[in-house]
Amino acid sequence: MTSSSGPAPRTGPEAGAGGTGFPPAGDPADLLARLGRSWTWIMGSAVATLVPGILMLVWPDATLHVLAVLLGLYLLVTGGFRFVAVFAREEHGERLPELLLAVLCILAGVLCLRHPLQTVAALSLIIGVVWLVSGVLTLYTAVVARDLPHRGILLGVAVIGIVAGIVVLALPTESARVLTRLLGLWLVLLGLAEVAVALTWRAALHRAGIGGGRHGPADTA
């Protein structure tokens, strides 16, 4: 659930060169910050969530090994998206929770890809914990962050994540087929919610006149 948590886009003389609203990138941290604030980066995270969800729904008879690989890759990619989004935080104090969550996703992805943990119970525990923690942190961001143009949608994303985590943890299943359908459904819901966040953020950028609603390193983020 990657989302841009910075304030609404700025305009006027304080905006960066070229009307991007951000200072020119001078080092890797600046590049990652610009990329993390891009609506296309949020959309990329949404696609990374939707694709495995759709695969699980259309291929419910996948073996437990395939399910573990899909979940592992999903968590690794999500961790990467979250790591970049950390740099979009304006306050350094807000970066630690997101950084810890990025690390959690990456570690969980590695665990899913390990053969000894490819059991229904283990996969349910891993994905349930990740979704629950992610949902709680997203809820925190939606409540405390200032000037969010998509606060309501972000709250919806947080609620979906929390509910998904609780359901997966509270309703363990011994069937890989049932688990596949359940996880696929939640991934699609989370992905669609992220699409809504990305489009809302794009509209906010467009209203602010920032590159027609698109920005990032060399305007290609």
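This text goes with the structure placed above it.
Model, not experiment: these values are computed from the prediction.

Colleague: So what exactly am I meant to see when it comes to the overall build of the protein here?
Modeller: When its secondary structure is counted, the protein shows 7 helices and 0 strands. Shown N-terminal to C-terminal, the secondary structure of the protein runs as helices and strands in the order α-α-α-α-α-α-α. With 221 residues in all, the protein has 48% of them scored as buried. Pairs at least 24 apart in sequence give 76% of the contacts found in the protein among residues at least 6 apart.

Colleague: Which parts of the structure should I look at to understand a nonpolar patch on the surface?
Modeller: The grouping of V47, V51, I54, L55, L57, V58, W59, L185 and L189 at the surface amounts to a nonpolar patch, some 760 Å² of accessible area in total. Looking at the nonpolar patch, the elements with two or more residues in it are α2 (39-58) and α7 (176-207). Take W59: it is sitting in the loop between α2 and α3 (64-86).

Colleague: Which parts of the structure should I look at to understand the side chain of R82?
Modeller: Looking at the element boundaries, R82 is found in helix α3. Here S134 takes part through its side chain, which lies 2.8 Å from a polar atom of the side chain of R82.

Colleague: I'm lost on the packing of aromatic side chains in this one. Help?
Modeller: The description of an aromatic ring pair uses the distance of the two centres, along with the angle that the planes make with each other. Per the stated rule, a full pass over the model turns up 1 aromatic pair. The ring of W39 carries the charged tip of R202 above its face, separated from the ring centre by 5.3 Å.

Colleague: Would you explain the packing of helix α4 (residues 95-113) against helix α5 (residues 120-144) in this entry?
Modeller: α5 packs onto α4 with a crossing angle of 165 degrees between their chain directions and a minimal axis gap of 10 Å. In terms of axis orientation, α4 runs roughly antiparallel to α5. Seen along the crossing, α4 lies across α5 with a hand that is left-handed. Counted together, P97, E98, L101, L104, C105, A108, L111 and C112 of α4 and L123, I126, V130, V133, S134, L137 and T141 of α5 form the full contact between these two elements.

Colleague: Would you mind showing me how to read α2 here?
Modeller: Helical geometry: 3.6 residues make up each α-helical turn, so side chains three or four residues apart lie on a common side. Look at α2: 28 Å from first C-alpha to last across 20 residues, which is about the 28 Å you get at 1.5 Å a residue. Among the residues making up α2, those that are buried are W39, W41, I42, S45, A46, A48, T49, L50, P52, G53 and M56. Contacts from the buried residues of α2 go to α1 (28-36), α3 and α7.

How each quantity is defined
- Residues numbered from 1 in each chain as written.
- Predicted model: local features only at pLDDT ≥ 70, side-chain atom pairs only at ≥ 80, totals over all residues.
- Heavy atoms only, no water.
- Helix = DSSP H or I, 4+ residues; strand = E, 2+ residues; numbered from the N terminus.
- Buried < 20%, exposed > 50% of the residue type's maximum accessible area, 1.4 Å probe, protein only.
- Contact = heavy atoms within 4.5 Å.
- Patch = residues over 30% accessible without salt bridge, like charges linked within 9 Å, V, L, I, M, F, W, Y side chains within 5 Å.
- Areas by Shrake-Rupley, 256 points an atom, 1.4 Å probe, with all protein chains shown as cover.
- Salt bridge = Lys/Arg side-chain N within 4 Å of Asp/Glu carboxyl O.
- Polar contact = N/O pair within 3.5 Å; in protein donor to acceptor, adjacent residues only side chain to side chain.
- Phe/Tyr/Trp six-rings, centres within 6.5 Å; stacked < 30°, edge-to-face > 60°.
- Lys NZ or Arg CZ within 6 Å of the ring centre and 35° of its normal.
- Axes fitted to C-alpha atoms, helices over the stretch in contact; angles between N-to-C directions.
- Parallel < 35°, antiparallel > 145°, perpendicular 65-115°, else oblique.
- Left-handed = near helix turned anticlockwise from the far one by under 90°.
- Expected span 1.5 Å × (residues − 1).

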